[in-house]
Number of protein chains: 2
Amino acid sequence: MPYTYEYPRPALTVDCVVFGFDDEALKLLLIQRGIDPYKGSWALPGGFVRMDETTETAAMRELEEEAGVSDIYLEQLYTFSEPNRDPRDRIVSVAHYALVKLSDHRVTAATDAEDVGWFPADDPPPLAFDHAKILSIARDRLRAKVRYQPVGFELLPTKFTLRQLQHLYEVVLGRELDKRNFRKKVHSLGILKALDEYETGVSHRAAQFFKFDRAKYRQLEKKGFNFEI
Amino acid sequence: MPYTYEYPRPALTVDCVVFGFDDEALKLLLIQRGIDPYKGSWALPGGFVRMDETTETAAMRELEEEAGVSDIYLEQLYTFSEPNRDPRDRIVSVAHYALVKLSDHRVTAATDAEDVGWFPADDPPPLAFDHAKILSIARDRLRAKVRYQPVGFELLPTKFTLRQLQHLYEVVLGRELDKRNFRKKVHSLGILKALDEYETGVSHRAAQFFKFDRAKYRQLEKKGFNFEI
């Protein structure tokens with residue numbers, strides 16, 4: 001049954017940039033397209049928005065349908081509306097993004113997807129449509145975000161060392177950090193609780209374990225830090 | 001001529017939250033709707049996106065058509081997609097926002113608008129549709145923005161006093177700031193150049209004039225400040 005309107009309408013889609021942290025590197029969730037255009041190419045999971053759902057709901061549904069991934073909190077990133085961004089039609093896409101712990105999310109290819117997998121976020125295969133541009137904006141947003149919100153609660157084990165925390169920041173920022181400076185800044189945030197526990201069975205000096213002060217972490221998440229005037 | 005599609009499509013609109021700084025207060029640009037729904041109500045300027053334009057282009061066109069305002073750099077804010085947000089139809093709206101110097105922009109009611117005007121941003125009249133929600137998110141974004149980007153270049157006169165700069169921040173943040181603390185933080189940004197000029201004809205102690213170091217300001221605008229790790 002066709003749908004008729006007085007004025008032309010763009011189609012509306014969502015795209016999902018899901019970053020996965022795996023203790024080593026920052027990964028990116030991609031699906032391999034099973035249909036044209038760009039059949040066989042890798043792309044961000046996504047699809048058309050239904051009439052009864054918000055773009056957030058559509059993004060979560062598509063993630064589950066295409067990659068078997070659920071329980072992800074997606075934030076809206078940006079809406080891409082260049083008239084020629086999709087060869088099929090005039091399609092406007094609302095992109096969403098998330099940073100998750102990779103081991104929490106097993107992926108399985110489903111609808112319209114030939115295959116699905118995690119790729120290096122900073123060195124992915126060539127992407128379909130304008131997805132390289134969407135990825136680039138999501139990557140920038142993630143990098144910026146750790147400068148005004150704490151990160152790590154959902155990504156690190158409950159007990160972690162400062163080395164682990166620094167490594168998380170280095171992976172997200174994509175560059176090495178000065179150890180002393182990093183520790184000073186992190187301690188000044190007041191979100192860490194030192195535990196009376198130390199690493200065991202390590203060849204280097206056993207590092208102390210920390211956990212996040214949940215209340216202070218959530219408070220800082222809301223309030224943000226940065227230029228406090 | 002009707003337009004026919006295989007699947008239903010939401011209509012796509014833009015809405016514009018334009019904040020104006022007038023040395024005294026933060027104002028908001030509103031238009032009075034000339035047509036139903038919400039005929040006679042005040043609303044954010046906006047309208048339908050054409051097939052050959054991006055949402056940014058559409059937002060600028062609507063601002064000009066409805067309020068006679070041009071030459072505004074709009075940033076994308078958020079896309080609102082609640083299925084029932086508009087009583088006419090399923091309409092998804094991409095909101096944009098800007099902060100301008102009020103005296104630079106004379107406004108005149110045009111297409112579809114009965115009237116147009118600047119209202120107190122924190123105490124506007126009741127707004128049509130979900131525009132109060134859009135405004136609230138834009139207000140939050142603006143408040144957050146001054147904590148990680150410099151503000152003032154386009155809003156203050158070329159030469160300004162620290163009192164004027166502080167007042168701008170107070171207006172945007174919606175609260176009073178401690179004078180000593182503010183000056184310390186602002187100086188630490190390194191974007192101010194002290195001039196060898198002082199206020200004249202004032203009853204209080206003549207304040208020194210400053211200007212922005214344009215290069216450093218632009219650099220900081222790009223780089224952001226905040227939690228620098």
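What you are looking at is a predicted structure, and each value in this text was computed from that prediction instead of being measured.

What counts and how
- Residues numbered from 1 in each chain as written.
- Chains lettered and ligands numbered in written order.
- Predicted model: local features only at pLDDT ≥ 70, side-chain atom pairs only at ≥ 80, totals over all residues.
- Heavy atoms only, no water.
- Least-squares fit on C-alpha atoms with pLDDT ≥ 70 in both.
- Contact = heavy atoms within 4.5 Å.
- Helix = DSSP H or I, 4+ residues; strand = E, 2+ residues; numbered from the N terminus.
- Buried < 20%, exposed > 50% of the residue type's maximum accessible area, 1.4 Å probe, protein only.
- Core = buried A, V, L, I, M, F, W, Y, C linked by side-chain atoms within 4.5 Å.
- Salt bridge = Lys/Arg side-chain N within 4 Å of Asp/Glu carboxyl O.
- Domains from an automatic or database assignment.
- Buried area = accessible area lost by both parts, 1.4 Å probe.
- Polar contact = N/O pair within 3.5 Å; in protein donor to acceptor, adjacent residues only side chain to side chain.
- Nonpolar A, V, L, I, M, F, W, Y, C, P; charged D, E, K, R; others polar.
- Phe/Tyr/Trp six-rings, centres within 6.5 Å; stacked < 30°, edge-to-face > 60°.
- Lys NZ or Arg CZ within 6 Å of the ring centre and 35° of its normal.

Student: When you look at the relation of the copies chain B and chain A in this model, what are you seeing that I'm missing?
Tutor: It takes a turn of 180 degrees to lay chain B on chain A, together with a shift of 0.0 Å along the axis; the resulting RMSD is 0.0 Å. Both copies are brought into coincidence by an operation consistent with a two-fold rotation axis. Interface residue correspondence from chain B to chain A reaches 98%, placing this contact among same-surface, isologous pairings.

Student: Mind showing me how you'd approach the environment of K223 of chain A here?
Tutor: Residue and element names in this part refer to chain A. Turning to its location among the elements, K223 is positioned in helix α5 (residues 214-223). Overall, K223 belongs to the partly exposed group, its relative accessible area being 47%. Note: C-alpha distance between K223 and Y148 (75 residues apart in sequence) is 9.0 Å.

Student: Help me understand the nonpolar core in this model?
Tutor: In globular proteins that are soluble, nonpolar side chains generally tend to be buried together. Residues V18 of chain A together with V18 of chain B are the most contacted members of the largest nonpolar core, which totals 44 residues. The contacts of V18 of chain A, once residues within four sequence positions are left out, are K27, L28, L29, L63, I72, L74, A98, V100 and W118 of chain A.

Student: When you look at the pattern of salt bridges in this model, what are you seeing that I'm missing?
Tutor: When the charged atoms of two side chains with opposite charge come close together, those side chains can pair. Enumeration according to the criterion identifies 32 salt bridges over all chains in this entry. In this structure, D15 of chain B engages R85 of chain B in a salt bridge whose closest nitrogen and oxygen atoms are separated by 3.9 Å. Of this pair, D15 of chain B sits in strand β2 (residues 11-21) while R85 of chain B sits in the loop between β6 (75-80) and β7 (91-101), placing them 70 residues apart in sequence. A network of salt bridges, in which partner residues are shared, links R50, E53, R61, E62 and E65 of chain A.

Student: It is not clear to me how the domain arrangement of chain A should be interpreted in this structure. Could you clarify?
Tutor: One widely used convention gives an interface's size as the accessible area the parts lose upon coming together. Residues and elements named next belong to chain A. You can read the domains of chain A as domain 1 (11-145) and domain 2 (162-223). The C-alpha-based centres of domain 1 and domain 2 are spaced at 30 Å. Each partner contributes to the interface: domain 1 provides nine residues, whereas domain 2 provides six residues. If you sort the residues of domain 1 by the area they bury against domain 2, F21, R139 and R143 come out on top, with a joint share of 55%. Across the domain 1-domain 2 interface, the total number found is zero salt bridges. On the surface where domain 1 and domain 2 come into contact, there are five residue pairs in polar contact (both at pLDDT 80 or more). For the side of domain 1 that touches domain 2, the residue count by class is five nonpolar, no polar and four charged.

Student: Help me understand the packing of aromatic side chains, please; the structure alone is not making it clear to me.
Tutor: Each aromatic ring pair is summarised here by two numbers: the centre-to-centre distance and the angle between the ring planes. For the structure on display, the rule yields 18 aromatic pairs over all chains. With a centroid separation of 5.7 Å and an interplanar angle of 20 degrees, the aromatic rings of F153 of chain B and F212 of chain B are classed as stacked. With F153 of chain B in the loop between α2 (131-145) and α3 (162-173) and F212 of chain B in strand β10 (residues 208-212), the pair connects residues that are 59 residues apart, well separated along the chain. When its relative accessible area of 23% is taken as the criterion, F153 of chain B is described as partly exposed. Accessibility expressed as a relative area gives 9% for F212 of chain B, which makes it buried. Members of the aromatic cluster, each reached through a chain of ring pairs, are F153, F160, F212 and Y217 of chain A. Sitting above the plane of the F209 of chain B ring, K159 of chain B keeps its charged end 5.5 Å from the centroid.

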